[in-house]
Amino acid sequence: MLFRRLLSATAVAALVTTAACGGADQGTLKGKAETGGLTIGIRYDQPGIAQRRLDGKYVGFDVDVAKFVAGQLGVPESGITWKEARPADRERLLTGGEVDFVVAAYSITDKRKEQVGFAGPYFQTGQGLLVRFAEEAITGPDALNGKRLCSVAGSTSAQRVEGEFSRDVVLVEYGQYSDCVVALLAGNVDAVTTDEAILAGYVAENPEVLKLVGGTFTTEKYGVGLRKGDTAGRADVNAALARMVSGGEWRRALERNIGQSGVRLPDPPEITEK
């Protein structure tokens, strides 16, 4: 009887081990993709980059990148669940497992890499300034002393202006960039700052009332955010991004979503997060 119990326990352990070895870890991106579905974090309020339209459709360059990567991982668009990833929430969504990866104008920084991993970069831009079309006094980040500058919670854009260009700027934070733009049009703030590619989308929607000034004054490299330590997931996403570039879909997506904004379209950056 004892021999039978030992044999039974050994058999169960062998089955468990076999099952574990037969498939990818469900905590990895590959393991999640093998279930046939992925939850992807994107922004909902960035015209040209990522936007949820009134008809419920998700459009933008980041959306196209996310769909391409998911497809390369074996997950069709019908298997994607989209989740809003605001700047203040991106690390929490990844570390808490609420999303499988993030494509949300997510600049790669050393501080963020303390909590999450990155693949890419897949896009390079720079920080810019958005003002009302009739504005003449604000010509760049060094002309903001005494002015009200808007950015979103969780972003370092406004703090960078304060620390490096205009120490007496008045910082104002909202939850979304669209809120900043509404405040700008209403005269409640004097300028909005974030990456130029994001701001250009608002100019494209409102060319008679908004404009960009001063050119870019930082370098921002967007990466695909992943759970920290998922090296296989990073390699898979990097391979997908490389195929998107080499096959021409990267350029087509960029032209389709940002080409009409007036911003010079960059070349694809070198993938360095390996």
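Conventions adopted
Residues numbered from 1 in each chain as written. Predicted model: local features only at pLDDT ≥ 70, side-chain atom pairs only at ≥ 80, totals over all residues. Heavy atoms only, no water. Helix = DSSP H or I, 4+ residues; strand = E, 2+ residues; numbered from the N terminus. Buried < 20%, exposed > 50% of the residue type's maximum accessible area, 1.4 Å probe, protein only. Lys, Arg positive; Asp, Glu negative; His and termini not counted. Salt bridge = Lys/Arg side-chain N within 4 Å of Asp/Glu carboxyl O. Polar contact = N/O pair within 3.5 Å; in protein donor to acceptor, adjacent residues only side chain to side chain. Contact = heavy atoms within 4.5 Å. pLDDT = per-residue confidence, 0-100. Pairing = 2+ DSSP bridges.

## Considerations on the side chain of Asp230
Moving on, step 1. Locating Asp230 in the fold gives a position in the loop between strand 13 (220-227) and helix 8 (231-246).
Moving on, step 2. For Asp230, which is buried and forms no salt bridge, the nearest opposite charge comes from Arg227, at a distance of 7.2 Å.
Moving on, step 3. At 2.9 Å, the side chain of Asp230 and the backbone nitrogen of Gly233 are in polar contact.
Moving on, step 4. Once you skip the residues sitting within four places of it in the chain, Asp230 turns out to touch Thr28 and Leu29.

## Description of the pattern of salt bridges
Moving on, step 1. What the rule picks out here adds up to 17 salt bridges.
Moving on, step 2. Between Arg256 and Asp64 there is a salt bridge whose closest N-O contact spans 2.8 Å. Of this pair, Arg256 sits in helix 9 (residues 249-258) while Asp64 sits in helix 3 (residues 61-72), and the two are 192 residues apart along the sequence.
Moving on, step 3. Notably, a salt bridge pairs Arg92 with Glu98, separated by 2.8 Å at the nearest N-O pair.
Moving on, step 4. Judged by relative accessible area, which is 43%, Arg92 ranks as partly exposed.
Moving on, step 5. Look at Glu98 and you get partly exposed, because its relative accessible area is 35%.
Moving on, step 6. One continuous salt-bridge network, built from bridges that share partners, spans Asp64, Lys67, Glu77, Glu249, Arg252 and Arg256.

## Thoughts on the confidence of the model for the chain
Moving on, step 1. Across the chain, the average pLDDT comes to 89, with 91% of residues at 70 or higher.
Moving on, step 2. Every residue in residues 1-22 is under pLDDT 50, and counting partners more than four places away or in other chains gives zero contacts.

## Considering the pairing of strand 11 (residues 191-195)
In the case of a regular strand, side chains alternate between the two sheet surfaces.
Moving on, step 1. Most of strand 11 sits inside the fold, with five of its five residues counted as buried.
Moving on, step 2. Two elements, strand 8 (residues 127-132) and strand 11, share four bridges in a ladder whose sense is antiparallel. Bridge pairing in strand 11 links Leu129 to Thr193.
Moving on, step 3. As judged from the two bridges shared by strand 9 (residues 148-152) and strand 11, these two strands associate in the parallel manner. Residue pairing across strands places Cys150 opposite Val192, the latter belonging to strand 11.

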